[in-house]
Amino acid sequence: MYVLNAAANSGFGLGKLLRILAIVLLSFFTLSARAQGKRKVIIDQDCAGPGGTDMQAILSLINSSDTDVLGITVLTGDAWRDEEIAHTLRLLEIIGRTDIPVLPGAVFPLVNSKEYIAKWETLYGKVIYQGAWNYAKGHAVHGPYEIPPLPEGTPTTNASTEDAAHFLIRMIQQYPHDVTIYAAGPMTDLALAIALDPHFPELTKELIVMGGSINPVTNDPEFSFTPKREFNFWMDPEASRAVLHARWPRFVLTTVDISVKTRMEKSLIELIAKSPNPAAQYVAKYAEANILWDELAAVAWLDPSIITKAQKLYIDVNIDHGAGYGDTLAWPPGQQPGMGEALVEVQQDLDKQKFYKEYVELLTRPTPGAHAPEVNK
């Protein structure tokens, strides 16, 4: 009232002031509505880096104007967790999104281990790719708590003190039926969250997963003789089974079968390099020609029209510790064992050129600005 009286006394004009206030309020409510309309997502990822499929998928999701990334939960997979956390923190610094919390997840699988697989191999043969256990990029394979020098620089920010499983549960309870979980690493974090709160899956909006392998057509030696062994499901088979037997409102799966139809070609890297934005320059510097495993799952969630063919299948993972340990199991409806397997939307084919176009556009656009931090975030 004081402001209105002052405006009237100054000759500013009550009508004009009210119009300005109306515009300000309209802008506020419009921005608020847009923020509420964003698609809430938690990224559960094994964040090897710099660059590569893990980081490029994260950038695709963060750079979308339609997403509100609530946090990134990081677990051992392609690399050890603590090294991955450092890469993730540094990435967020580079793109100016340190408002997104990074949560430490599982260091080790529930049952499986590097030592167990070494003994398993004496009976059933070598496993070509074992992620952090037998592969490292730019440095020697190391132990779980060592962090080698980062080519992109050492982060100055820190990960959250809250662990991944509790964060997942807390966010789902805060936004029931409104949060998508995008999981593109081993399933350990999700299995731990389910163990803590069995209602966790049903309170999500949906689960988007890169994992599993059914019958891929590829010359990749990782799959030529073991076509059903896919790393994300294989590294922690017991966790994968727990996730695949949970009750998700919607479960979408990007398998090896469709992923191998894509590739980070040199031409795509050259297109991305033309953008001066930090995300694009980061990708251009560290990208390698490889299959777009996690990126396809991410971009297809943002735009489902990229997927031209899908099939609903019952999916499970073999937890028998014999030769098929960790293998993907799949049945069409009516042929499943009926022991709690989940009915999953399995992607089978895509509009590759549309995917490439949208993927490049996501990585070359300016990263959306940071949000004000939420309480307890």
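Calculation rules
- Residues numbered from 1 in each chain as written.
- Predicted model: local features only at pLDDT ≥ 70, side-chain atom pairs only at ≥ 80, totals over all residues.
- Heavy atoms only, no water.
- Axes fitted to C-alpha atoms, helices over the stretch in contact; angles between N-to-C directions.
- Helix = DSSP H or I, 4+ residues; strand = E, 2+ residues; numbered from the N terminus.
- Parallel < 35°, antiparallel > 145°, perpendicular 65-115°, else oblique.
- Left-handed = near helix turned anticlockwise from the far one by under 90°.
- Contact = heavy atoms within 4.5 Å.
- 1 Å grid on protein atoms, 1.4 Å probe; cavity = no way out; pocket = protein on both sides within 12 Å on 5 of 7 lines; lining within 4 Å.
- Points joined across faces, edges and corners; volume = space filled by probe spheres on them.
- Nonpolar A, V, L, I, M, F, W, Y, C, P; charged D, E, K, R; others polar.
- Expected span 1.5 Å × (residues − 1).
- Buried < 20%, exposed > 50% of the residue type's maximum accessible area, 1.4 Å probe, protein only.
- Polar contact = N/O pair within 3.5 Å; in protein donor to acceptor, adjacent residues only side chain to side chain.

Peer 1: Before we go on, may I ask you to explain the packing of helix 3 (residues 52–63) against helix 4 (residues 81–95) in this structure?
Peer 2: Relative to each other, helix 3 and helix 4 sit at 40°, their axes nearing to 11 Å. As the angle between them shows, helix 3 and helix 4 are arranged oblique. The two elements helix 3 and helix 4 meet at a crossing, and its hand is right-handed. The residues of helix 4 that touch helix 3, namely those facing Met55, Ile58, Leu59 and Ile62, are Glu84, His87, Thr88, Leu91, Leu92 and Ile95.

Peer 1: What should I look at first to understand the layout of surface pockets in this one?
Peer 2: Which parts of space are left empty comes out when a probe the size of a water molecule is rolled across the atoms. Within this model, the largest pocket holds a volume of roughly 850 Å³. For the lining of the largest pocket, the secondary-structure elements that each account for two or more residues are helix 3, helix 8 (221–224), helix 9 (231–235) and helix 14 (293–302). The greatest single-element share of the lining of the largest pocket, amounting to four residues, is contributed by helix 3. Looking at the lining of the largest pocket residue by residue, the class counts come to 22 nonpolar, 10 polar and 12 charged.

Peer 1: How do you make sense of helix 15 (residues 352–364) when you look at a structure like this?
Peer 2: Counting along an α-helix, one turn takes 3.6 residues, and residues three or four places apart therefore face a common direction. Relative to the 18 Å expected for 13 residues at 1.5 Å per residue, helix 15 spans 18 Å between its end C-alpha atoms, a close match to the ideal helical length. Among the residues of helix 15, those classed as buried are Phe355, Tyr356, Tyr359, Val360, Leu362, Leu363 and Thr364. Close packing links the buried residues of helix 15 with helix 3, helix 12 (266–273), helix 13 (278–286), helix 14 and strand 9 (342–350).

Peer 1: I would appreciate a short explanation of the side chain of Asn318 in the present structure.
Peer 2: Structurally, Asn318 can be placed in the loop between strand 7 (307–317) and strand 8 (328–331). Reaching out from Asn318, the side chain makes a polar contact with the backbone nitrogen of Asp320 at a distance of 2.8 Å. In contact with Asn318, other than residues within four places in its own chain, are Pro237, Gly324, Tyr325, Gly326, Asp327 and Leu329.

Peer 1: I would appreciate a short explanation of empty space enclosed by the protein in the present structure.
Peer 2: Tallying each qualifying case throughout the model produces two cavities of 30 Å³ or more. Considered as a void within the structure, the largest cavity measures approximately 60 Å³ in volume. The wall of the largest cavity is formed by Lys38, Ile62, Ser64, Thr67, Asp68, Val69, Arg97, Ile100, Pro368 and His371. Residue contributions to the lining of the largest cavity peak at three residues, all from strand 2 (residues 67–74). The residue makeup of the lining of the largest cavity, split by class, is four nonpolar, three polar and three charged. Forming the walls of the second largest cavity are Leu75, Thr76, Ala106, Val107, Phe108, Pro109, Pro186, Thr188, Met235 and Asp236. A per-class count over the lining of the second largest cavity returns seven nonpolar, two polar and one charged.

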